[in-house]
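# Breakdown of the fold
So you can see what is in the structure, the chains are spelled out below.
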Amino acid sequence: MPLPISDSFPPSARSWLAVARDGSLEQRRELAGSLTAVYREPLLRYLQAFGARLDVEDVVQDLCARILDPAFLDGWQRSERPFRLWLRTAARFELMNRIRAERRRAGAADDSLAELVESDNAQAAFDRAYAGSLIRAASDAAQRALDAQGRAHEWTLFIEHSLNGKPYAECAPPLGIPVDAARHATARVRGLVLDALRGVLSAEQVAEADVERELVALLSYLQP
Amino acid sequence: MSAVVPDGAGPDDARCAALYAALLGARLPTDVLIRQWMARSDAASLVDGILQRLPQPGGLESIESIDAERHGSDGPVRAEWPPSLRVVGTVRYVAMVALALHEHGVWRSSRPASELAPVAAAMLPIVPDPWRAPLQAVLARAQVV
């Protein structure tokens, strides 16, 4: 049975698993690319915070290449943990393994890796980057959906009104949107972004009733 | 405005935060909105404009008249107002607190310091000299009493 990927991508965690197991090569590639867009940067920031003398980009690259490995995803499902925490732990273990291997090659004793204790800075760097990556990915998905519907100007309206604080009377007419319809257009854009976010949030074990609280938490990661 | 821009946070972080704030809309706590809004490039000019309209210390307009405006039907901070107006209202409110502290040394308020402090911090670098001490007092007080 075909497994369509919607424009409100990334889809739900249940769809991830279906695509990982039975999806076509193209579907798997698209899904892996979307997940990597969300999680690659936070993983990089996280590993960089450990200050290890290793190519952390290589570690993250390898992890992203395995992101749709059914065995990897099964392990995550069994853990019942949010996906990002599962990935973060996997990245840390991979980094430790590489450091041990490096030490063995250099003839050093494989003793304590105390310097790899996860610091608050590492977690904060991860959370901040995750919050940024997630909203960028959701915004991109919403813009693609609007482009496909010939409604790209509604994204501009959303930005002008909701981010730049311009009143509808000022920003809607130049975009060819009647002022009366502007509120509905903005609500439609907001709904598209939220739909895109929900796909990832479901994998992060965020219940529908808790989405608003989660958005406040994500916003707080980006605050001083 | 550097006082309210976090270390290591770039303009892209500010834009991402603004997107989350836009999704949450009026349901966002005012202090979070203010921190978010203060990162905008035009925040300094707006705060400056607000200060120009407020009575200066020792001026003719009394704090009572400003307070009457605050408590009137069009008071400056109302939860149902759009986020941008809530921010403007709170900036005005902090200015009023600073003025009252300057003129009378006392201000009674139930507003939490966490809400007022970021605005006061943002105003400090751009206000005229007479405003600095009272704004620093706003920042220093855990509770504005």
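Residues numbered from 1 in each chain as written. Chains lettered and ligands numbered in written order. Predicted model: local features only at pLDDT ≥ 70, side-chain atom pairs only at ≥ 80, totals over all residues. Heavy atoms only, no water.

### Concerning the overall build of chain A
- Helix and strand counts for chain A come out as ten helices and zero strands.
- In chain A, buried positions account for 44% of the 224 residues.
- Taking the contacts inside chain A whose residues are at least 6 apart along the sequence as the reference set, 64% of them involve residues at least 24 apart.
- Just so you have it, chain A exposes about 11300 Å², and 49% of that area is on carbon and sulfur atoms. (Helix = DSSP H or I, 4+ residues; strand = E, 2+ residues; numbered from the N terminus. Buried < 20%, exposed > 50% of the residue type's maximum accessible area, 1.4 Å probe, protein only. Contact = heavy atoms within 4.5 Å. Areas by Shrake-Rupley, 256 points an atom, 1.4 Å probe, with all protein chains shown as cover.)

### Regarding the overall build of chain B
- Across its full length, chain B holds seven helices and zero strands.
- With 145 residues in all, chain B has 47% of them scored as buried.
- Of all intrachain contacts in chain B linking residues separated by at least 6 positions in sequence, the fraction that spans at least 24 positions is 68%.
- By element, 55% of the accessible surface of chain B is carried by carbon and sulfur atoms, the whole surface being about 6700 Å².

### Structural notes on the side chain of A:Ser139
- Among the secondary structure elements, A:Ser139 is positioned in helix α6 (residues 120-148).
- With residues up to four places along the chain from it excluded, the contact list for A:Ser139 reads A:Trp155 and B:Leu19.

### Focus: the nonpolar core
- Among the nonpolar cores identified, the biggest contains 70 residues, and A:Tyr39 and A:Leu197 are the most heavily contacted of them.
- A per-element tally of this core places α6(A) first, with twelve residues.
- With sequence-adjacent residues up to four places away left out, A:Tyr39 is seen in contact with A:Trp16, A:Phe83, A:Arg84, A:Leu87, A:Tyr130, A:Val200 and A:Glu204.
- Core analysis: the second largest hydrophobic core is formed by 25 residues, B:Ala98, B:Leu116, B:Val119 and B:Val138 among them. (Core = buried A, V, L, I, M, F, W, Y, C linked by side-chain atoms within 4.5 Å.)

### Focus on helix α7 (residues 152-163) of chain A
- With twelve residues, α7(A) ought to run about 16 Å at 1.5 Å a step, and its terminal C-alpha atoms sit 16 Å apart, in line with that.
- Positive phi appears at A:Gly165, one or two residues downstream of α7(A), with a value of about 75 degrees. (Expected span 1.5 Å × (residues − 1).)

### Focus on the environment of B:Leu124
Residues and elements named next belong to chain B.
- Topologically, Leu124 is positioned in the loop between α6 (113-123) and α7 (129-140).
- Considering only alpha carbons, one finds Leu124 and Gln136, twelve residues apart in sequence, at a separation of 7.7 Å.
- Setting aside residues up to four positions removed in sequence, Leu124 forms contacts with Arg132, Leu135, Gln136 and Leu139.

### Some thoughts on unusual backbone geometry
Residues and elements named next belong to chain A.
- Positive phi, close to 60 degrees, is recorded for Glu80, a residue that is not glycine.
- Mapped onto the fold, Glu80 is located in the loop between α4 (70-79) and α5 (83-106).
- Among the residues examined, Glu80 registers a relative accessible area of 65% and is labelled exposed.
- Look at Gln205: it is not a glycine, yet its phi comes out positive at around 65 degrees.
- In this structure, Gln205 sits in the loop between α9 (179-203) and α10 (211-221).
- With a relative accessible area of 47%, Gln205 lands in the partly exposed category.

### Thoughts on α4(A)
Residue and element names in this part refer to chain A.
- Among the residues of α4, those classed as buried are Phe72, Leu73, Gly75 and Trp76. Along the axis of α4, the buried positions cluster into a sector of 155 degrees, meaning they face one direction only. Opposite the packed face of α4, turned more than 90 degrees from it, sit the exposed residues Ala71 and Arg78.
- Summarising the contacts, the buried residues of α4 are in contact with α1 (13-22), α3 (56-65), α5 and α9. (Arc of directions from axis to C-beta.)

### Concerning the confidence of the model for chain B
Residues and elements named next belong to chain B.
- Per-chain confidence: chain B averages 66 in pLDDT, with 49% of residues scoring 70 or above.
- Here helix α4 (residues 63-71) stands out as the element of chain B with the lowest mean pLDDT, 54, in contrast to helix α1 (residues 11-24), whose mean of 84 is the highest.
- pLDDT under 50 marks residues 1-9. Its contacts with residues more than four places away, or in other chains, come to 13 contacts.
- At the level of chain-chain contacts, confidence expressed as ipTM amounts to 0.83, with global pTM at 0.68. (pLDDT = per-residue confidence, 0-100.)

### Describing the packing of aromatic side chains
Residues and elements named next belong to chain A.
- All chains considered together, the criterion is met by eight aromatic pairs over all chains.
- With centroids separated by 5.2 Å and ring planes inclined at 80 degrees, the aromatic side chains of Tyr39 and Phe83 adopt a geometry described as edge-to-face. One end of the pair, Tyr39, is in helix α2 (residues 25-48); the other, Phe83, is in helix α5, with 44 residues separating them in the sequence.
- For Tyr39, a relative accessible area of 1% corresponds to the buried category.
- Between Tyr46 and Phe50, the ring centres sit 5.1 Å apart and the planes meet at 90 degrees, which makes this aromatic pair edge-to-face.
- Here Tyr46 falls in the buried class, since its relative accessible area comes to 1%.
- Overall, Phe50 belongs to the buried group, its relative accessible area being 11%.
- Aromatic rings pair up to connect Tyr39, Tyr46, Phe50, Trp76, Phe83, Phe126 and Tyr130 into one cluster.
- Here the guanidinium or amino end of Arg88 rests over the ring plane of Phe126, the centre of that ring lying 5.2 Å away. (Phe/Tyr/Trp six-rings, centres within 6.5 Å; stacked < 30°, edge-to-face > 60°. Lys NZ or Arg CZ within 6 Å of the ring centre and 35° of its normal.)

### Details of the pattern of salt bridges
Residues and elements named next belong to chain A.
- All told, the structure shown has 15 salt bridges over all chains when counted by the stated rule.
- Measuring nitrogen to oxygen at the nearest pair gives 2.7 Å for the salt bridge that ties Arg45 to Glu41. Placement of both Arg45 and Glu41 in helix α2 is noted, with a separation of four residues, approximately one turn of the helix.
- On the basis of relative accessibility, which here comes to 40%, the residue Arg45 falls in the partly exposed class.
- Note on Glu41: relative accessible area 26%, which makes it partly exposed. (Salt bridge = Lys/Arg side-chain N within 4 Å of Asp/Glu carboxyl O.)

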